[in-house]
Amino acid sequence: MKTTHVAIGLQNPKTPINVDAVMRACGCYQVDNVFYTGTRYDRAAAFQTQKPKVDTKSVAQIIPLKRVDDLLTAVSNDHHIVCVDLVVGATPLPEFEHPENALYIFGPEDGTIDQELIDSADSVVYVPTVGCMNLAASVNVLLYDRLAKAMQKGCHSVQVGDELIKQSRDNRNRVKVKA
């Protein structure tokens, strides 16, 4: 039984393909909600003639993707607000302890998180890379880090093993480790 609540907040995302890839990551890591601000994503999605299919599991039909005016009011007060960006003074992700209930906020593909959000955050973390990563890649790395650390703590809500592999893999994949 899941006792945590994880939400992703995207500040003014730019491209539908990146938001689609974020949704796929959220499905893989069992995120509860995805919120976004701004109008760029909506405008770009409206003018997109050919929809890329990054979210091959159609997670957007299961996990709500909702436009909000203010990311800080998108979740309840018991959520820890965590901004994820290359910000001077931020905590490196490997040193960060994830809260049970969190709203992880990511900046736009071509910018950074507004200072107001950084100032309002309970924590600010960054992924220690040389250069900045793509928005969806950053979401994937953060969510994997959360999962890996939960498993190290012995969190039993994290399913592992052959049954998870069988459920998760592509239907054309029947490969197994040699006995």
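Treat the numbers as computed from the prediction; the structure is a model and nothing was measured. (Residues numbered from 1 in each chain as written. Predicted model: local features only at pLDDT ≥ 70, side-chain atom pairs only at ≥ 80, totals over all residues. Heavy atoms only, no water.)

A.B. asks: Before we go on, may I ask you to explain the overall build of the protein in this structure?
C.D. replies: The helix and strand inventory of the protein stands at five helices and seven strands. The order of helices and strands in the protein, counted from the N terminus, is β-α-β-α-β-β-β-β-α-β-α-α. The 179 residues of the protein split such that 39% are buried. Considering only intrachain contacts with a sequence separation of at least 6, the fraction spanning at least 24 residues in the protein is 82%. (Helix = DSSP H or I, 4+ residues; strand = E, 2+ residues; numbered from the N terminus. Buried < 20%, exposed > 50% of the residue type's maximum accessible area, 1.4 Å probe, protein only. Contact = heavy atoms within 4.5 Å.)

A.B. asks: Help me understand the environment of Arg146 in this model?
C.D. replies: Relative to the helices and strands, Arg146 resides in helix 4 (residues 135-152). In the structure, Arg146 is positioned 48 residues away from His98 in sequence and 6.3 Å away in space, judged by C-alpha atoms. Those residues in contact with Arg146, other than ones at most four positions away along the chain, are Thr4, Val6, His98, Pro99, Glu100, Ala102 and Tyr104.

A.B. asks: Would you explain the environment of Lys149 in this entry?
C.D. replies: Along the polypeptide, Lys149 turns up in helix 4. Of the residues examined, Lys149 reaches a relative accessible area of 18% and is grouped as buried. Once the C-alpha coordinates of Lys149 and Pro94 are considered, the two residues, 55 residues apart in sequence, prove to be 9.4 Å apart. With residues up to four places along the chain from it excluded, the contact list for Lys149 reads Leu93, Pro94, Glu95, Phe96 and His98.

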